[in-house]
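Remarks on the overall topology
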Amino acid sequence: MLKIGIIGGGIAGCAAAYYLSKKTSGITIFEKDFIGAHSSGKSNGSIIPFIDYDINSYSEQLSDYAISVHNNLKMKFHSKFYYSKKPVVHLFKNNSYSKIYDNYKKNKLNKEFHFLSLGELRHIDARVSEEIDGGLYIKNSLEVDSYMLSKTFFDNAIQNGVNFVQKNINKIDADSGKQVRIFSDDESYNFDKIIISNGSWAESFFMDFFGKSILTPIKGQILRMKNITPGFKVSFWWGKNYITTKDQNITWLGTTHEDVGYDESITSDSKNQILQKAKEIFPFLDENFVVEQTACLRPMTKDSLPILGRLKDFENIFLCGGGSANGILFGPAMGKIMSKDIFEEQLDTYISEFSVNRFL
Ligand SMILES: Cc1cc2nc3c(=O)[nH]c(=O)nc-3n(C[C@H](O)[C@H](O)[C@H](O)COP(=O)(O)OP(=O)(O)OC[C@H]3O[C@@H](n4cnc5c(N)ncnc54)[C@H](O)[C@@H]3O)c2cc1C
């Protein structure tokens with residue numbers, strides 16, 4: 001029996017544990033805090049198809065595959081927690097959409113998108129500011145409670161016999177023969193294969209292996225709001241900001257992109273900045289609606305795309321992370337792909353483009 005260790009209990013590690021647990025026993029997942037304690041438990045949970053890459057690029061293929069995995073999971077879990085179809089509208093000001101619009105005009109967008117004028121937008125939501133020129137409507141998007149999805153992967157994996165160890169893994173000894181030895185403060189563990197899926201904190205392992213930086217933690221803050229009636233029927237985006245109303249009529253307003261190391265604290269500056277940007281689009285919003293503020297870290301790569309597959313020069317170490325700002329979109333697919341890659345099975349989509357080698 002193959003012994004497999006998974007470092008990190010976010011969506012990437014839990015999805016890998018879930019899909020692997022359907023095939024084999026002997027799996028252990030290590031988590032330093034609790035399942036979904038960081039970005040996988042606090043993200044906005046938008047699952048939006050990629051649109052701004054070249055048609056048929058590897059990123060688009062991975063995105064299409066990721067959406068198909070989510071649609072299957074939604075069928076299975078939507079009665080248990082919030083997992084819903086939710087159209088997205090990207091709002092545009094001052095022709096900021098030119099690249100996407102060019103593709104649209106050339107009939108290159110291969111999915112269900114269409115452009116809306118301000119008048120059409122205001123049929124969807126009359127509160128959109130007159131400053132907006134129009135919007136791109138993306139029908140095939142989803143929204144999920146990313147904490148519940150991560151936790152459900154984990155709970156199902158545990159039911160299938162996966163072991164859980166609540167410890168921080170601080171060292172990986174890859175040179176110990178055929179097996180890989182990993183260390184917590186007080187113990188060591190041997191595995192045939194390990195998966196590194198500890199989000200932004202994988203950077204310290206990358207520094208050990210390559211002596212160079214691969215990931216940057218980028219903090220994002222979100223405001224949760226109550227008593228906005230009616231709620232937002234679609235999820236509105238402008239630039240990297242968004243507003244959406246989820247279950248229990250809670251409206252989520254995001255976000256920031258802050259390069260401040262591993263600091264996950266909330267700040268009033270960011271709260272004001274998020275509100276100020278939102279008021280430009282929805283002038284009625286103010287801080288009286290805010291009931292909660294959260295912060296967490298995106299495991300950001302230089303090209304904002306995930307890192308998948310074997311570690312360079314080490315047969316038994318696999319990487320499953322770097323989800324950047326789309327780690328909930330990609331997480332389940334990444335876990336599924338890893339569960340096949342470890343057993344050298346035929347993969348459903350190409351992953352060589354997502355190897356860590358592209359940064360070395
Ligand atoms: C504000 C915000 C909003 C977002 N919204 C979206 C969105 O709408 N859609 C989307 O697709 N993506 C979104 N993302 C991105 C997404 O949340 C992340 O890419 C994704 O959650 C990363 O998952 P992960 O499992 O790789 O890492 P994490 O969720 O960070 O999990 C890693 C886990 O590993 C544990 N760990 C770390 N080091 C160790 C160690 N040495 N030993 C043991 N355990 C360890 C940590 O405690 C943590 O639980 C958002 C991110 C932010 C910050």
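Residues numbered from 1 in each chain as written. Predicted model: local features only at pLDDT ≥ 70, side-chain atom pairs only at ≥ 80, totals over all residues. Heavy atoms only, no water.

This paragraph deals with the site of the ligand. Near the ligand you find 38 residues, and of these Glu31, Ser40, Ile169, Ser324 and Leu329 are the closest. At 3.1 Å from an oxygen atom of the ligand is found a main-chain nitrogen or oxygen belonging to alanine 12. At a separation of 2.8 Å, a nitrogen atom of the ligand approaches a polar backbone atom of serine 46. Calculation on the ligand without its partners gives an accessible area of 1,000 Å², and the protein chains cover 98% of this total. Elements represented by at least two residues in the shell around the ligand include exactly helix 1 (11-21), helix 2 (39-42), strand 14 (216-225), strand 18 (290-300) and helix 9 (327-341). At four residues, the largest contribution of residues to the shell around the ligand is made by strand 18. Mapped onto the domain boundaries, the shell around the ligand takes at least three residues apiece from domain 1 (4-47 + 146-215 + 303-359) and domain 2 (85-141 + 216-300). (Near = heavy atom within 4 Å. Polar contact = N/O pair within 3.5 Å; in protein donor to acceptor, adjacent residues only side chain to side chain. Areas by Shrake-Rupley, 256 points an atom, 1.4 Å probe, with all protein chains shown as cover. Helix = DSSP H or I, 4+ residues; strand = E, 2+ residues; numbered from the N terminus. Domains from an automatic or database assignment.)

What follows deals with the sheet that holds strand 18. Pairing between sheet strands relies on hydrogen bonds along the backbone, with the strands arranged either parallel or antiparallel. Spatially, 6-7-5-15-16-17-14-18 is the arrangement adopted by the eight strands of the open sheet, whose pairing is mixed. Single-partner strands in this sheet number two, and they are strand 6 (113-117) and strand 18. The mean angle between the axes of side-by-side strands here comes to 20 degrees, regardless of whether they run parallel or antiparallel. Taken strand by strand, helix 8 (residues 268-281) contacts strand 5 (88-92), strand 14, strand 15 (235-238), strand 16 (241-245), strand 17 (251-254) and strand 18, and its axis lies near 65 degrees from that of strand 14. (Pairing = 2+ DSSP bridges. Axes fitted to C-alpha atoms, helices over the stretch in contact; angles between N-to-C directions. Contact = heavy atoms within 4.5 Å.)

Our focus in this paragraph is the domain arrangement of the chain. Taken domain by domain, the chain holds domain 1 (4-47 + 146-215 + 303-359) and domain 2 (85-141 + 216-300). A separation of 30 Å is found between the C-alpha centroids of domain 1 and domain 2. At the interface, 19 residues of domain 1 touch 19 residues of domain 2. Taken together, both faces of the contact between domain 1 and domain 2 bury some 1,500 Å²; the carbon and sulfur share is 54%. On the domain 1 side of the interface with domain 2, the three residues burying the most area are Lys42, Asn44 and Ser200, jointly 38% of the side's total. At the surface where domain 1 touches domain 2, the tally comes to zero salt bridges. (Buried area = accessible area lost by both parts, 1.4 Å probe. Salt bridge = Lys/Arg side-chain N within 4 Å of Asp/Glu carboxyl O.)

Pairing is possible between side chains of opposite charge, provided their charged atoms come close. In the structure shown here, the tally under the stated rule is 17 salt bridges. The partner of glutamate 344 in a salt bridge is arginine 310, and the shortest N-O contact between them spans 3.4 Å. Of the two residues, glutamate 344 sits in the segment after helix 9 while arginine 310 sits in strand 19 (residues 307-311), which places them 34 residues apart along the sequence. Taking relative accessible area as the criterion, glutamate 344 reaches 62% and is therefore assigned exposed. Taking the relative accessible area as the measure of exposure, arginine 310 reaches 24% and is therefore partly exposed. (Buried < 20%, exposed > 50% of the residue type's maximum accessible area, 1.4 Å probe, protein only.)

In this structure, Ile6, Leu73, Tyr83, Phe153, Ile195 and Leu308 are the most contacted members of the largest nonpolar core, which totals 47 residues. Where this core is concerned, the elements lending two or more residues are strand 1 (4-7), helix 1, strand 2 (27-30), helix 3 (58-77), strand 8 (142-144), helix 6 (146-159), strand 20 (314-321) and helix 9. Considering every element that reaches this core, the biggest residue donor is helix 1, with nine residues. Among residues more than four places away in sequence, those in contact with isoleucine 6 are Gly13, Ala16, Ala17, Leu20, Ile27, Thr28, Ile29, Phe30, Ile195 and Ser197. Among the nonpolar cores identified, the runner-up in size contains 24 residues, and Phe236, Ala278, Phe282 and Phe289 belong to it. (Core = buried A, V, L, I, M, F, W, Y, C linked by side-chain atoms within 4.5 Å.)

Quick look at the sheet that holds strand 10 (residues 171-173) now. One open sheet accounts for three strands, arranged 10-11-12; its pairing is antiparallel. The sheet is open, and its two borders are formed by strand 10 and strand 12 (188-191), each paired with just one other strand. If you compare each strand with its neighbour and ignore which way they point, the axes differ by 20 degrees on average.

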